[in-house]
Amino acid sequence: MNKRFIVDAHLDLSMNAIEWNRDLTKSLDEIRQREMFKSDKPDRGNGTVCLPELKKGNIGLVVATQLSRVSTLGSSLNGWNSPQQAWAMTQAQRVWYNEMEKLGEMKLIKNLPDLNNHLKIWDSAENIENLPIGYVLSLEGADSLVNVDYVYEAYDYGLRVIGLSHFGPGRYAPGTKNIGGLEPRAYDLMREMSKLNMILDVTHLTDEGFEQALDFYDGPIWASHHNVRKIVPNQRQLTDHQIKRLIERGAVIGGMLDCWAMDVRFIDTVSDPWQLDIKLEMLVDHWDHICQISGNADHIGIGSDLDGIFGTEQAPWDMNSISDLQKFDPILKNRGYIDADIDKIFHGNWIQFLRNNWK
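Residues numbered from 1 in each chain as written. Predicted model: local features only at pLDDT ≥ 70, side-chain atom pairs only at ≥ 80, totals over all residues. Heavy atoms only, no water.

**Q** Would you mind showing me how to read the overall build of the chain here?
**A** Assigned secondary structure in the chain consists of 12 helices and nine strands. In summary, the chain has a C-alpha radius of gyration of 19 Å against a globular reference of 21 Å for 359 residues, a match within 12%. Considering the chain as a whole, with its 359 residues, one finds that 59% of them fall into the buried category. Sequence-distant contacts, at least 24 apart, represent 72% of the contacts inside the chain between residues at least 6 apart. Taking the 37 positively charged and 51 negatively charged side chains of the chain as two groups, their mean positions are separated by 2 Å. (Helix = DSSP H or I, 4+ residues; strand = E, 2+ residues; numbered from the N terminus. Rg over C-alpha atoms; globule rule 2.2 N^0.38 Å. Buried < 20%, exposed > 50% of the residue type's maximum accessible area, 1.4 Å probe, protein only. Contact = heavy atoms within 4.5 Å. Lys, Arg positive; Asp, Glu negative; His and termini not counted. Charge placed at Lys NZ, Arg CZ, Asp CG, Glu CD.)

Below you can see the structure in the form of structure tokens.
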């Protein structure tokens, strides 16, 4: 049987290329070998993502991020000291995507005709080896937008998704491991996003910020990489109430493969996935929970967050590379999911969301 086509709604490709200095056109073995003696980051030598592995896994469409945080005075989190510096970093990341397009490795997807044409090419190809991987451009955390007007410049170069926050304090909204509501400028930003019909990604928002964003924003909303708080009770995961609100808005929720979002026992940079027996199937528990709330499989998908500042040291032990997302096929079958619903999880729900909301 041919591998199922996969859409992954959250990959930090350009951050890995620019800040981690990874040549993602190379094989995973070569990338890991180049990092063999480096210790500046905890995931050195443990990367899971590169363009050849995406194709090996039949992952033909991704939501690819720009990410650059502004660090507040006294913050322990890495970041830039001004919005202008953060913006400049996102532009370096954007140029990397442009370079991948020049090589024929990637293709920017900005609208419905782009999407349909890309899917047609992948669907009809006998060999995907030389096909570009499609990407929808997303900004994870809005810190780098120096002011609200910058959203128009970003939209012009192809940005279609914005998340207001990331970790810690944010210029537009506080994020993971913080409390509090949206900053006033977040409402101004959402007004302009709505005019452009941009997708609001609620991932990383605080509980208060989540409610405020859903109450205010009238455009399309999704949660690119989130798991279930009933299973992993920390602020980073979605409550049942939040899941219900997202379902009411027609959103899709992407399941993420960071171990601390899958199993409450895992402590990042301390625990070992193999010792705790954290494997891919545990994500299905989170998907099951969302399906029980929605009554169907129409609101779940893959938003792996792989290589989002972690690698195999913080991912399920039965996953060596992103191509192993294909293992969810037999896992889901064994859990009772029918083929039609597996297709929805692998790609159908994300594609239908875009078709429902794009022109």
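**Q** Would you explain the packing of helix H7 (residues 184–195) against helix H8 (residues 207–216) in this entry?
**A** Packed helix pairs are specified by the crossing angle of their axes together with the interaxial distance, meaning the distance between the axes. Between H7 and H8, the shortest axis-to-axis distance is 11 Å and the interhelical angle comes to 35°. H8 is crossed by H7, and the crossing has right-handed handedness. In this structure, H7 uses Tyr187, Met190 and Arg191 to contact H8, whose residues at the interface are Gln212, Ala213 and Phe216. Tallied by class, the residues present in the contact of H7 with H8 amount to four nonpolar, one polar and one charged. (Axes fitted to C-alpha atoms, helices over the stretch in contact; angles between N-to-C directions. Left-handed = near helix turned anticlockwise from the far one by under 90°. Nonpolar A, V, L, I, M, F, W, Y, C, P; charged D, E, K, R; others polar.)

**Q** Please explain the side chain of Asp8 as it appears in this structure.
**A** Tracing the chain through its elements places Asp8 in strand S1 (residues 6–11). This buried residue, Asp8, is left without a salt bridge; Arg236 holds the nearest opposite charge, at 11 Å. Non-local contacts of Asp8, meaning those with residues more than four positions away in its chain, are made with Ile59, Leu61, Val62, Val63, Ile302, Gly303, Ser304, Ile322 and Leu325. (Salt bridge = Lys/Arg side-chain N within 4 Å of Asp/Glu carboxyl O.)

**Q** Honestly, helix H12 (residues 339–357) in this entry has me stumped. Any pointers?
**A** One turn of an α-helix holds 3.6 residues; hence residues three or four places apart share an orientation. Taking 1.5 Å as the rise per residue, H12 with 19 residues should run 27 Å; its terminal C-alpha atoms sit 25 Å apart, in good agreement. Along H12, the sharpest change in direction is near 65° and occurs at Ile345. Inspection of H12 places Asp341, Ile342, Ile345, Phe346, His347, Asn349, Trp350, Ile351, Phe353 and Leu354 among the buried residues, and these make up the whole buried set. (Expected span 1.5 Å × (residues − 1). Bend = angle between axes of the 7 residues up to and from the residue.)

**Q** I tried to follow the side chain of Glu53 on my own but got confused; where do I start?
**A** Following the sequence through the fold, Glu53 ends up in helix H3 (residues 51–56). Buried within the structure, Glu53 lacks any salt-bridge partner; Lys56 is the closest side chain of opposite charge, at an N-O distance of 4.2 Å.

**Q** Is there a simple way to explain the packing of helix H4 (residues 83–102) against helix H6 (residues 150–157) in this structure?
**A** Running from N to C, H4 and H6 cross one another at 5°; their axes reach a closest spacing of 12 Å. If you check the angle between H4 and H6, you find them roughly parallel. For the pair H4 and H6, contact is made by Trp87, Gln91 and Arg94 and by Tyr150, Glu153 and Tyr157, respectively. Across the contact of H4 with H6, the residue classes tally to three nonpolar, one polar and two charged. (Parallel < 35°, antiparallel > 145°, perpendicular 65-115°, else oblique.)

**Q** Looking at this structure, how should I read the packing of aromatic side chains?
**A** In this description, an aromatic ring pair is defined by two values, namely the gap between the centres and the angle between the planes. Per the stated rule, a full pass over the model turns up nine aromatic pairs. Their ring planes at 50° and their centres at 6.4 Å tell us that Trp87 and Tyr157 sit as a pair that is tilted. Residue Trp87 is located in helix H4, and its partner Tyr157 is located in helix H6; the two are separated by 70 residues in the primary sequence. Ring geometry for Tyr187 and Phe216: centres 5.0 Å apart, planes at 85°, overall edge-to-face. Of the two residues, Tyr187 sits in helix H7 while Phe216 sits in helix H8, which places them 29 residues apart along the sequence. (Phe/Tyr/Trp six-rings, centres within 6.5 Å; stacked < 30°, edge-to-face > 60°.)

**Q** Help me out: how do you make sense of the nonpolar core in this one?
**A** Grouped burial of nonpolar side chains is what soluble globular proteins tend to show. Ranked by internal contacts, the top residues of the largest apolar core, which has 110 residues, are Leu13, Ile162, Leu189, Leu246, Trp287 and Phe328. Of all the elements, H12 adds the most residues to this core, at seven residues. Each residue touching Phe328, except ones within four places of it in the same chain, is listed here: Leu257, Leu280, Leu283, Val284, Trp287 and Phe346. (Core = buried A, V, L, I, M, F, W, Y, C linked by side-chain atoms within 4.5 Å.)

**Q** Can you walk me through the pattern of salt bridges in this structure?
**A** Close approach of charged atoms allows side chains with opposite charge to pair. Here the structure, examined in full by the defined rule, presents 25 salt bridges. For Arg34, the salt bridge identified is with Glu30, shortest N-O distance 3.7 Å. In this pair, Arg34 and Glu30 both sit in helix H2 (residues 28–34), four residues apart, roughly one turn of the helix. Look at the salt bridges and you will find they share partners, linking Arg22, Glu35, Asp40, Asp43, Arg44 and Asp307 into a network.

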